[in-house]
Amino acid sequence: HKGGEVASRIAVETISRRIGERLQSGEGKSDPDDLIREAIREADDRIRGLAGADPALQDMGTTLVMALCRGDAIHLAHAGDSRAYRVRNGAMLQLTEDHSLVAEMLKDGELTKEDAVHFRLRHVVTRSLGHGSASDVEQTLAGWQRGDHLLLCSDGLTNMVGDAELHAVIAAGGADVEQACREAIGRANLHGGKDNITAALAYYD
């Protein structure tokens with residue numbers, strides 16, 4: 001949709017600012033999930049408001065994946081096909097489930113994994129900020145421990161780099177998360193780089 005980059009920027013800026021302010025004031029320490037919901041609702045309202053005021057941005061929206069890490073707990077929220085992965089002890093686990101037409105068709109047995117790669121509607125998402133309701137954002141809780149990596153990324157990365165290759169890059173990078181991110185994005189571009197690529201990597205040391 002038009003204005004996707006604007007919606008993405010609003011989401012990042014609004015959510016990070018709201019959570020940062022609440023945590024700094026001490027108000028957001030009691031229930032991280034409530035804090036996340038509040039920040040997402042504000043971002044969704046801002047996206048809708050700007051889209052309604054500017055015809056050039058009409059119907060803009062963005063996928064979302066975010067994490068608030070508190071001790072050994074990862075509080076996740078996502079909408080669309082941006083994903084979160086945890087890498088632990090030589091294995092990479094996808095922590096989120098795509099909100100997309102392809103994911104629904106795979107679940108219902110209407111599409112095979114092989115066919116999904118070339119499916120013409122593979123980029124159609126069923127949830128996003130700016131469309132539907134902020135309550136459509138799915139929240140989950142995962143654990144992590146020392147030595148784990150947490151990857152948040154858009155489908156511009158995962159559509160270009162397979163799980164095995166992505167895992168190898170992250171494992172090789174160790175605690176140097178910046179280098180691992182650069183390498184992963186470089187691999188995606190080397191393989192064609194057909195979409196915008198966003199990646200954030202954290203290491204629990």
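The structure under discussion appears in the preceding block.
Keep in mind that what you see is a predicted model, and the values were worked out from it rather than measured.

J.: How should I be thinking about the pairing of strand S3 (residues 83-88) in this particular structure?
T.: If a strand is regular, its side chains alternate between the two faces of the sheet. Of all six residues in S3, five are buried; the element is thus mostly enclosed. Pairing between S3 and strand S6 (residues 149-153): five bridges, direction antiparallel. By the bridge assignment, Arg 83 is partnered in S6 with Cys 153. Inspection of the sheet shows S3 paired to strand S4 (residues 91-94) by four bridges, in the antiparallel sense. Within the sheet, the bridge partner assigned to Arg 88 lies in S4 and is Ala 91.

J.: Help me understand the side chain of His 167 in this model?
T.: Tracing the backbone shows His 167 in helix H6 (residues 163-173). Only 3.5 Å separates the side chain of His 167 from the backbone oxygen of Gly 90, close enough to count as a polar contact. If we skip the residues at most four places from it in the chain, His 167 touches Val 87, Gly 90, Ala 91 and Met 92.

J.: Please clarify how unusual backbone geometry should be interpreted in this entry.
T.: Most peptide bonds are trans, and most residues other than glycine sit at a negative phi. Here Asp 59, not a glycine, exhibits a phi torsion of approximately 70°, which is positive. Within the secondary structure, Asp 59 is located in the loop between helix H2 (32-53) and strand S1 (64-70). The backbone of Asn 89 shows a phi angle near 50°, a positive value even though the residue is not glycine. Looking at where Asn 89 falls in the secondary structure, it is placed in the loop between S3 and S4. Since its relative accessible area comes to 74%, Asn 89 is described here as exposed.

J.: Where do I start with empty space enclosed by the protein in this structure?
T.: Here the idea is plain: a probe the size of a water molecule rolls over the atoms and shows the empty space left. This structure, assessed with the given rule, holds one cavity of 30 Å³ or more. Empty space within the largest cavity amounts to approximately 40 Å³. In terms of lining, the largest cavity is formed by Leu 151, Leu 166, Ile 170, Ala 180, Cys 181, Ala 184, Ala 199 and Leu 201. Looking at the lining of the largest cavity, the elements that each hand over two or more residues are H6, helix H7 (177-190) and strand S7 (199-203). Looking at the lining of the largest cavity, its residues break down into eight nonpolar, no polar and no charged.

J.: How do you make sense of the nonpolar core when you look at a structure like this?
T.: Side chains of a nonpolar character, in soluble globular proteins, are inclined to be buried together. Ile 15, Ile 19, Ile 40, Met 60, Met 66 and Leu 129 are the most contacted members of the largest nonpolar core, which totals 23 residues. Elements that contribute at least two residues to this core include exactly helix H1 (4-25), H2, S1 and strand S2 (73-79). It is H2 that contributes the most residues to this core, seven residues altogether. Not counting chain neighbours up to four residues away, the residues in contact with Ile 40 comprise Ile 15, Leu 64, Met 66, Ala 77, Leu 129, Ala 134 and Val 137. Ranked by size, the runner-up nonpolar core spans 18 residues in total, among them Tyr 85, Leu 151, Val 161 and Leu 166.

Thresholds, definitions, all that
- Residues numbered from 1 in each chain as written.
- Predicted model: local features only at pLDDT ≥ 70, side-chain atom pairs only at ≥ 80, totals over all residues.
- Heavy atoms only, no water.
- Buried < 20%, exposed > 50% of the residue type's maximum accessible area, 1.4 Å probe, protein only.
- Helix = DSSP H or I, 4+ residues; strand = E, 2+ residues; numbered from the N terminus.
- Pairing = 2+ DSSP bridges.
- Polar contact = N/O pair within 3.5 Å; in protein donor to acceptor, adjacent residues only side chain to side chain.
- Contact = heavy atoms within 4.5 Å.
- 1 Å grid on protein atoms, 1.4 Å probe; cavity = no way out; pocket = protein on both sides within 12 Å on 5 of 7 lines; lining within 4 Å.
- Points joined across faces, edges and corners; volume = space filled by probe spheres on them.
- Nonpolar A, V, L, I, M, F, W, Y, C, P; charged D, E, K, R; others polar.
- Core = buried A, V, L, I, M, F, W, Y, C linked by side-chain atoms within 4.5 Å.

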